[in-house]
Amino acid sequence: MPDLSRRDALKMSAGLAMTAAAGGFSCIELAKAGPIDVPTIDKLSVRVLVDSASDIFFRPQEVSGVKTEPGRSADSKRPLHSEWGLSLYLEPQRGDEKRTFLLDYGWTPEVINGNMELMNVDASRIDALIMSHGHFDHWGGLLGFLDRHRKDMPADLTMYAGGEDNFCQRYVKMGSMGELSDFGMLDRRDIAKHDVKVVLCESPVVIGGQAFTTGKIKRSSIEKVLPNSLVEFKLKDGAGCNASHYLPAEMEGKIVPDEHIHEHATCFNLKDRGLIVISSCGHVGIVNSVRQAMEVSGVQKIHAIMGGFHLGPAPADYLTQVVAEISKLNPDVLIPMHCSGLNFTQEAQRQMPGRVLTTTTGTRITFGI
(Lines give C-alpha, C1' and ligand atoms only; values in the text may rest on other atoms or scores of the structure.)
Protein backbone atom coordinates (compact mmCIF):
# COMPACT_ATOMS: atom_id res chain seq x y z
CA MET A 1 0.00 0.00 0.00
CA PRO A 2 1.42 3.42 -0.82
CA ASP A 3 1.34 5.26 2.51
CA LEU A 4 3.77 8.19 2.75
CA SER A 5 6.26 8.98 0.00
CA ARG A 6 9.76 8.31 1.30
CA ARG A 7 11.00 11.34 -0.60
CA ASP A 8 8.31 13.81 0.36
CA ALA A 9 6.66 12.72 3.56
CA LEU A 10 9.03 11.09 6.09
CA LYS A 11 12.17 12.05 7.91
CA MET A 12 13.79 11.05 11.14
CA SER A 13 13.59 13.57 13.95
CA ALA A 14 16.92 14.11 15.71
CA GLY A 15 15.30 13.80 19.12
CA LEU A 16 13.42 10.65 18.20
CA ALA A 17 16.50 9.23 16.56
CA MET A 18 18.35 9.53 19.88
CA THR A 19 15.46 7.86 21.63
CA ALA A 20 15.54 5.07 19.06
CA ALA A 21 19.25 4.63 19.52
CA ALA A 22 18.82 4.35 23.27
CA GLY A 23 15.90 1.95 23.22
CA GLY A 24 16.06 0.26 19.84
CA PHE A 25 12.88 1.78 18.46
CA SER A 26 13.77 2.19 14.81
CA CYS A 27 10.06 1.78 14.07
CA ILE A 28 9.39 5.42 15.05
CA GLU A 29 9.45 8.06 12.32
CA LEU A 30 8.30 11.67 12.23
CA ALA A 31 6.18 13.00 9.38
CA LYS A 32 7.83 15.74 7.36
CA ALA A 33 6.48 19.24 7.87
CA GLY A 34 4.99 21.00 4.88
CA PRO A 35 1.84 21.23 2.77
CA ILE A 36 0.13 18.07 1.58
CA ASP A 37 -1.85 17.22 -1.54
CA VAL A 38 -5.25 16.32 -0.09
CA PRO A 39 -6.92 13.49 -2.05
CA THR A 40 -10.59 13.35 -3.06
CA ILE A 41 -12.58 10.17 -2.51
CA ASP A 42 -15.84 8.99 -4.05
CA LYS A 43 -17.26 6.96 -1.16
CA LEU A 44 -16.69 6.18 2.49
CA SER A 45 -18.10 3.42 4.66
CA VAL A 46 -17.58 3.56 8.43
CA ARG A 47 -18.33 0.55 10.63
CA VAL A 48 -18.57 1.26 14.37
CA LEU A 49 -16.70 -1.68 15.90
CA VAL A 50 -16.74 -0.33 19.46
CA ASP A 51 -18.77 2.45 21.03
CA SER A 52 -20.34 3.19 24.36
CA ALA A 53 -23.91 2.13 23.59
CA SER A 54 -25.85 -0.76 22.04
CA ASP A 55 -29.37 -0.71 20.64
CA ILE A 56 -30.89 -3.81 19.04
CA PHE A 57 -33.88 -1.72 17.90
CA PHE A 58 -31.71 0.75 15.97
CA ARG A 59 -33.39 1.72 12.71
CA PRO A 60 -31.87 2.99 9.45
CA GLN A 61 -31.65 6.77 9.08
CA GLU A 62 -30.64 9.20 6.34
CA VAL A 63 -29.62 12.85 6.49
CA SER A 64 -28.20 14.85 3.56
CA GLY A 65 -27.34 11.69 1.68
CA VAL A 66 -25.58 10.07 4.65
CA LYS A 67 -27.07 6.70 5.58
CA THR A 68 -26.84 4.69 8.78
CA GLU A 69 -27.74 1.01 9.01
CA PRO A 70 -27.83 -1.24 12.05
CA GLY A 71 -25.11 -3.81 12.59
CA ARG A 72 -26.12 -7.20 13.92
CA SER A 73 -24.24 -10.09 15.46
CA ALA A 74 -23.92 -13.11 13.18
CA ASP A 75 -24.74 -15.28 16.21
CA SER A 76 -28.18 -14.72 17.71
CA LYS A 77 -26.94 -16.04 21.08
CA ARG A 78 -23.92 -13.76 21.26
CA PRO A 79 -24.59 -10.02 21.22
CA LEU A 80 -22.24 -7.27 20.15
CA HIS A 81 -20.57 -5.73 23.18
CA SER A 82 -20.27 -2.05 23.99
CA GLU A 83 -17.80 -0.40 26.34
CA TRP A 84 -16.49 3.07 27.11
CA GLY A 85 -14.20 3.65 24.15
CA LEU A 86 -14.22 3.84 20.36
CA SER A 87 -13.01 1.89 17.33
CA LEU A 88 -13.94 2.67 13.72
CA TYR A 89 -13.33 0.53 10.61
CA LEU A 90 -12.93 2.98 7.71
CA GLU A 91 -13.37 1.93 4.07
CA PRO A 92 -12.81 4.80 1.61
CA GLN A 93 -12.94 4.35 -2.16
CA ARG A 94 -11.42 6.44 -4.94
CA GLY A 95 -12.40 5.24 -8.39
CA ASP A 96 -11.74 1.49 -8.36
CA GLU A 97 -9.15 1.79 -5.60
CA LYS A 98 -10.30 0.77 -2.13
CA ARG A 99 -8.52 1.15 1.17
CA THR A 100 -9.23 0.01 4.73
CA PHE A 101 -8.02 1.80 7.87
CA LEU A 102 -8.63 0.97 11.53
CA LEU A 103 -8.99 4.03 13.77
CA ASP A 104 -8.61 3.36 17.52
CA TYR A 105 -9.11 0.07 19.36
CA GLY A 106 -11.53 0.49 22.27
CA TRP A 107 -10.79 -0.28 25.92
CA THR A 108 -10.29 -4.05 25.84
CA PRO A 109 -9.13 -6.58 23.24
CA GLU A 110 -12.00 -8.89 24.10
CA VAL A 111 -14.56 -6.37 22.81
CA ILE A 112 -12.86 -5.30 19.59
CA ASN A 113 -11.85 -8.87 18.70
CA GLY A 114 -15.23 -10.29 19.66
CA ASN A 115 -17.21 -7.69 17.73
CA MET A 116 -15.03 -8.12 14.65
CA GLU A 117 -15.74 -11.84 14.74
CA LEU A 118 -19.49 -11.36 15.26
CA MET A 119 -19.72 -8.82 12.41
CA ASN A 120 -17.48 -10.85 10.07
CA VAL A 121 -14.98 -7.99 9.79
CA ASP A 122 -11.86 -9.13 7.95
CA ALA A 123 -8.62 -7.90 9.57
CA SER A 124 -6.60 -8.98 6.53
CA ARG A 125 -8.12 -6.11 4.56
CA ILE A 126 -6.64 -3.48 6.88
CA ASP A 127 -3.99 -1.42 5.09
CA ALA A 128 -3.01 0.93 7.93
CA LEU A 129 -3.70 1.71 11.58
CA ILE A 130 -4.50 5.13 13.03
CA MET A 131 -4.42 6.22 16.68
CA SER A 132 -6.16 9.43 17.66
CA HIS A 133 -4.62 10.05 21.09
CA GLY A 134 -3.07 8.35 24.09
CA HIS A 135 -6.10 7.57 26.24
CA PHE A 136 -6.52 3.94 27.34
CA ASP A 137 -10.13 3.73 26.11
CA HIS A 138 -8.77 4.28 22.59
CA TRP A 139 -5.68 2.04 22.64
CA GLY A 140 -6.43 -0.50 25.38
CA GLY A 141 -7.54 -3.10 22.82
CA LEU A 142 -4.57 -2.51 20.50
CA LEU A 143 -2.02 -5.04 21.69
CA GLY A 144 -4.58 -7.82 22.05
CA PHE A 145 -5.89 -6.96 18.58
CA LEU A 146 -2.34 -7.26 17.21
CA ASP A 147 -1.77 -10.51 19.08
CA ARG A 148 -4.69 -12.05 17.23
CA HIS A 149 -4.55 -10.36 13.82
CA ARG A 150 -1.01 -9.12 13.10
CA LYS A 151 -0.14 -12.20 11.04
CA ASP A 152 -3.05 -11.46 8.68
CA MET A 153 -2.06 -7.85 7.95
CA PRO A 154 0.62 -6.39 5.66
CA ALA A 155 4.25 -7.07 6.56
CA ASP A 156 5.01 -3.33 6.38
CA LEU A 157 2.05 -2.30 8.54
CA THR A 158 2.19 1.32 9.72
CA MET A 159 0.37 3.09 12.54
CA TYR A 160 -0.24 6.83 12.14
CA ALA A 161 -0.37 8.49 15.56
CA GLY A 162 -0.19 12.08 16.75
CA GLY A 163 2.80 13.34 18.73
CA GLU A 164 5.39 11.96 21.12
CA ASP A 165 3.10 12.29 24.15
CA ASN A 166 0.99 9.38 22.90
CA PHE A 167 3.49 7.36 24.94
CA CYS A 168 3.26 9.30 28.23
CA GLN A 169 2.11 7.72 31.48
CA ARG A 170 -1.40 8.92 32.29
CA TYR A 171 -3.44 9.02 35.50
CA VAL A 172 -7.00 9.78 36.55
CA LYS A 173 -8.24 11.00 39.92
CA MET A 174 -10.38 8.50 41.81
CA GLY A 175 -12.39 8.57 45.02
CA SER A 176 -13.41 11.41 47.30
CA MET A 177 -9.80 12.29 48.08
CA GLY A 178 -8.79 12.49 44.43
CA GLU A 179 -6.12 9.79 44.62
CA LEU A 180 -4.21 9.20 41.39
CA SER A 181 -5.00 5.95 39.61
CA ASP A 182 -2.97 4.48 36.77
CA PHE A 183 -4.67 5.14 33.40
CA GLY A 184 -2.09 3.33 31.33
CA MET A 185 0.99 4.01 29.26
CA LEU A 186 1.32 2.82 25.68
CA ASP A 187 4.80 1.34 25.50
CA ARG A 188 6.41 1.82 22.08
CA ARG A 189 8.47 -1.31 22.70
CA ASP A 190 5.28 -3.39 22.65
CA ILE A 191 4.33 -1.94 19.26
CA ALA A 192 7.83 -2.67 17.94
CA LYS A 193 7.52 -6.29 19.07
CA HIS A 194 4.55 -6.62 16.71
CA ASP A 195 6.57 -5.28 13.76
CA VAL A 196 4.45 -2.17 13.38
CA LYS A 197 6.11 1.05 12.24
CA VAL A 198 4.84 4.22 13.88
CA VAL A 199 4.67 7.55 12.07
CA LEU A 200 4.12 10.52 14.39
CA CYS A 201 1.85 12.91 12.51
CA GLU A 202 2.60 16.18 14.25
CA SER A 203 2.32 17.65 10.76
CA PRO A 204 -0.52 16.73 8.36
CA VAL A 205 -0.10 13.41 6.55
CA VAL A 206 -1.86 11.66 3.65
CA ILE A 207 -2.64 8.03 4.46
CA GLY A 208 -2.99 5.48 1.70
CA GLY A 209 -3.75 8.11 -0.90
CA GLN A 210 -7.27 8.57 0.50
CA ALA A 211 -7.30 9.93 4.07
CA PHE A 212 -5.43 12.81 5.65
CA THR A 213 -4.70 13.87 9.21
CA THR A 214 -4.82 17.36 10.64
CA GLY A 215 -1.48 17.33 12.39
CA LYS A 216 -1.23 19.25 15.65
CA ILE A 217 -4.47 21.17 16.16
CA LYS A 218 -4.36 24.92 16.74
CA ARG A 219 -6.54 26.26 19.55
CA SER A 220 -8.27 29.27 18.08
CA SER A 221 -11.92 28.92 19.13
CA ILE A 222 -13.75 29.53 22.41
CA GLU A 223 -13.19 25.87 23.32
CA LYS A 224 -11.14 24.71 26.27
CA VAL A 225 -9.79 21.34 27.36
CA LEU A 226 -12.29 20.01 29.88
CA PRO A 227 -10.93 18.10 32.89
CA ASN A 228 -9.88 14.58 31.96
CA SER A 229 -6.59 12.80 32.69
CA LEU A 230 -3.24 13.88 34.09
CA VAL A 231 -0.01 13.19 32.26
CA GLU A 232 3.58 12.53 33.32
CA PHE A 233 6.31 13.71 30.97
CA LYS A 234 9.03 11.18 31.67
CA LEU A 235 11.20 8.79 29.68
CA LYS A 236 12.94 5.94 31.50
CA ASP A 237 14.56 2.84 30.01
CA GLY A 238 12.76 3.47 26.74
CA ALA A 239 9.26 3.69 28.24
CA GLY A 240 7.21 6.87 28.52
CA CYS A 241 7.59 10.10 26.56
CA ASN A 242 10.30 12.63 25.96
CA ALA A 243 9.36 15.93 27.65
CA SER A 244 12.11 17.81 25.86
CA HIS A 245 10.34 17.13 22.58
CA TYR A 246 7.74 19.75 23.58
CA LEU A 247 8.52 21.36 26.89
CA PRO A 248 11.22 22.98 29.03
CA ALA A 249 13.56 20.62 30.89
CA GLU A 250 11.93 21.46 34.24
CA MET A 251 8.77 19.63 33.12
CA GLU A 252 10.62 16.31 33.21
CA GLY A 253 8.87 14.00 35.69
CA LYS A 254 6.02 16.41 36.45
CA ILE A 255 2.42 15.16 36.60
CA VAL A 256 0.18 17.86 35.14
CA PRO A 257 -3.31 18.23 33.62
CA ASP A 258 -3.38 16.66 30.15
CA GLU A 259 -3.60 19.21 27.34
CA HIS A 260 -3.41 16.55 24.59
CA ILE A 261 -0.65 18.22 22.63
CA HIS A 262 -0.55 15.15 20.37
CA GLU A 263 -4.23 14.74 19.49
CA HIS A 264 -5.11 14.82 15.80
CA ALA A 265 -8.19 14.17 13.66
CA THR A 266 -8.69 11.84 10.68
CA CYS A 267 -10.30 13.39 7.62
CA PHE A 268 -11.59 12.72 4.11
CA ASN A 269 -12.48 15.03 1.25
CA LEU A 270 -15.63 13.58 -0.37
CA LYS A 271 -16.19 14.48 -4.00
CA ASP A 272 -18.80 17.21 -4.49
CA ARG A 273 -19.73 17.07 -0.77
CA GLY A 274 -16.82 18.45 1.26
CA LEU A 275 -14.87 17.37 4.31
CA ILE A 276 -15.64 14.52 6.67
CA VAL A 277 -13.82 15.21 9.94
CA ILE A 278 -13.52 12.39 12.49
CA SER A 279 -12.57 13.41 16.01
CA SER A 280 -12.25 10.38 18.25
CA CYS A 281 -12.46 12.41 21.48
CA GLY A 282 -12.00 16.07 20.60
CA HIS A 283 -10.28 17.05 23.85
CA VAL A 284 -8.69 20.04 22.07
CA GLY A 285 -12.11 21.11 20.73
CA ILE A 286 -14.20 19.86 17.86
CA VAL A 287 -14.43 23.34 16.31
CA ASN A 288 -10.66 23.67 16.52
CA SER A 289 -10.31 20.26 14.88
CA VAL A 290 -12.60 21.15 11.98
CA ARG A 291 -10.92 24.50 11.44
CA GLN A 292 -7.56 22.74 11.31
CA ALA A 293 -8.89 20.31 8.69
CA MET A 294 -10.14 23.24 6.63
CA GLU A 295 -6.81 25.02 6.84
CA VAL A 296 -4.80 21.91 5.96
CA SER A 297 -6.99 20.94 3.00
CA GLY A 298 -8.03 24.34 1.66
CA VAL A 299 -11.59 22.94 1.53
CA GLN A 300 -14.18 25.16 3.21
CA LYS A 301 -17.31 22.99 2.81
CA ILE A 302 -17.98 20.66 5.73
CA HIS A 303 -20.05 17.61 4.85
CA ALA A 304 -19.88 15.75 8.17
CA ILE A 305 -18.45 16.08 11.65
CA MET A 306 -18.39 12.80 13.56
CA GLY A 307 -16.87 10.95 16.49
CA GLY A 308 -16.36 11.73 20.16
CA PHE A 309 -16.48 15.40 21.16
CA HIS A 310 -15.85 15.05 24.94
CA LEU A 311 -18.73 17.31 25.86
CA GLY A 312 -20.49 14.95 28.23
CA PRO A 313 -19.04 16.80 31.27
CA ALA A 314 -19.63 20.27 29.78
CA PRO A 315 -21.62 22.87 31.78
CA ALA A 316 -24.90 23.81 30.08
CA ASP A 317 -23.89 27.35 29.11
CA TYR A 318 -20.57 26.24 27.63
CA LEU A 319 -22.28 23.41 25.76
CA THR A 320 -24.77 25.85 24.23
CA GLN A 321 -21.89 28.05 23.05
CA VAL A 322 -19.95 25.17 21.50
CA VAL A 323 -22.97 23.82 19.61
CA ALA A 324 -23.61 27.34 18.30
CA GLU A 325 -20.01 27.45 17.02
CA ILE A 326 -20.44 24.04 15.38
CA SER A 327 -23.62 25.29 13.71
CA LYS A 328 -21.66 28.21 12.23
CA LEU A 329 -19.45 25.67 10.43
CA ASN A 330 -22.66 24.61 8.65
CA PRO A 331 -22.05 20.86 8.37
CA ASP A 332 -24.58 18.84 6.39
CA VAL A 333 -24.63 16.23 9.14
CA LEU A 334 -23.38 15.86 12.72
CA ILE A 335 -22.73 12.37 14.12
CA PRO A 336 -21.91 12.33 17.86
CA MET A 337 -20.42 9.17 19.39
CA HIS A 338 -18.64 7.90 22.51
CA CYS A 339 -17.85 10.78 24.91
CA SER A 340 -20.00 13.44 23.18
CA GLY A 341 -22.71 13.01 25.81
CA LEU A 342 -26.50 12.79 25.65
CA ASN A 343 -26.62 16.44 26.73
CA PHE A 344 -24.64 17.36 23.60
CA THR A 345 -26.88 15.31 21.31
CA GLN A 346 -30.01 16.92 22.73
CA GLU A 347 -28.59 20.44 22.42
CA ALA A 348 -27.39 19.75 18.88
CA GLN A 349 -30.83 18.46 17.92
CA ARG A 350 -32.32 21.64 19.35
CA GLN A 351 -29.98 24.02 17.55
CA MET A 352 -29.45 21.96 14.38
CA PRO A 353 -32.75 20.15 13.76
CA GLY A 354 -32.71 17.57 10.99
CA ARG A 355 -28.92 17.40 10.81
CA VAL A 356 -28.02 15.04 13.67
CA LEU A 357 -27.54 11.30 13.13
CA THR A 358 -27.21 8.88 16.04
CA THR A 359 -25.30 5.59 15.97
CA THR A 360 -24.64 2.56 18.11
CA THR A 361 -22.10 -0.25 18.26
CA GLY A 362 -22.26 -2.09 14.94
CA THR A 363 -23.73 0.79 12.91
CA ARG A 364 -22.54 1.20 9.32
CA ILE A 365 -22.41 4.80 8.08
CA THR A 366 -22.25 5.37 4.33
CA PHE A 367 -21.13 8.59 2.63
CA GLY A 368 -21.24 9.29 -1.09
CA ILE A 369 -24.12 7.04 -2.04
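What counts, and where the lines are drawn
Residues numbered from 1 in each chain as written. Predicted model: local features only at pLDDT ≥ 70, side-chain atom pairs only at ≥ 80, totals over all residues. Heavy atoms only, no water. Salt bridge = Lys/Arg side-chain N within 4 Å of Asp/Glu carboxyl O. Helix = DSSP H or I, 4+ residues; strand = E, 2+ residues; numbered from the N terminus. Buried < 20%, exposed > 50% of the residue type's maximum accessible area, 1.4 Å probe, protein only. 1 Å grid on protein atoms, 1.4 Å probe; cavity = no way out; pocket = protein on both sides within 12 Å on 5 of 7 lines; lining within 4 Å. Points joined across faces, edges and corners; volume = space filled by probe spheres on them. Nonpolar A, V, L, I, M, F, W, Y, C, P; charged D, E, K, R; others polar. Pairing = 2+ DSSP bridges. Axes fitted to C-alpha atoms, helices over the stretch in contact; angles between N-to-C directions. Expected span 1.5 Å × (residues − 1). Arc of directions from axis to C-beta.

Colleague: Give a detailed account of the pattern of salt bridges, specifying residues and quantitative values.
Modeller: For the structure on display, the rule yields 16 salt bridges. The partner of Glu91 in a salt bridge is Arg364, with the nearest N and O atoms 3.5 Å apart. Here Glu91, found in strand E6 (residues 87-94), pairs with Arg364, found in strand E24 (residues 364-367); they are 273 residues apart in sequence, far enough to count as distant. With a shortest N-O distance of 2.5 Å, Asp258 and Arg170 are connected by a salt bridge. Remark: Arg170 occurs in strand E11 (residues 169-174) and Asp258 occurs in the loop between strand E19 (255-257) and strand E20 (266-270); sequence separation between them is 88 residues. Given a relative accessible area of 0%, Arg170 falls into the buried group. Through salt bridges with shared partners, a single ionic network connects Glu91, Arg125 and Arg364.

Colleague: Before we move on, could you go through empty space enclosed by the protein and cite the residues and values that matter?
Modeller: Under the definition given, this model contains 2 cavities of 30 Å³ or more. Volume-wise, the largest cavity comes out at about 80 Å³. Lining the largest cavity are Glu223, Lys224, Leu226, Gly282, His283, Gly285, Ile286, Phe309, His310, Leu311, Tyr318 and Val322. Considering only residue class, the lining of the largest cavity consists of 6 nonpolar, 4 polar and 2 charged.

Colleague: With reference to specific residues and values, describe the sheet that holds E19.
Modeller: On the basis of which strands lie adjacent, the open sheet formed by 4 strands has the order E12-E11-E16-E19 and antiparallel pairing. Sheet topology places strand E12 (179-182) and E19 at the edges, where each strand pairs with a single neighbour. Strand after strand, the sheet turns through a mean of 40° between neighbouring axes, direction not considered. As paired elements, strand E16 (residues 230-232) and E19 share 3 bridges and run antiparallel to each other.

Colleague: Hey, could you go over helix H8 (residues 316-328) for me, with residue numbers and the actual values?
Modeller: With 13 residues, H8 should cover 18 Å at 1.5 Å per step; its first-to-last C-alpha distance of 19 Å lies within 8% of that length. What H8 keeps buried is the set Tyr318, Leu319, Val322, Val323, Glu325 and Ile326. Buried positions in H8, seen along its axis, are confined to an arc of 155° and lie on one side of it. Opposite the buried face of H8, by more than 90 degrees, sit the exposed residues Ala316, Asp317 and Lys328.

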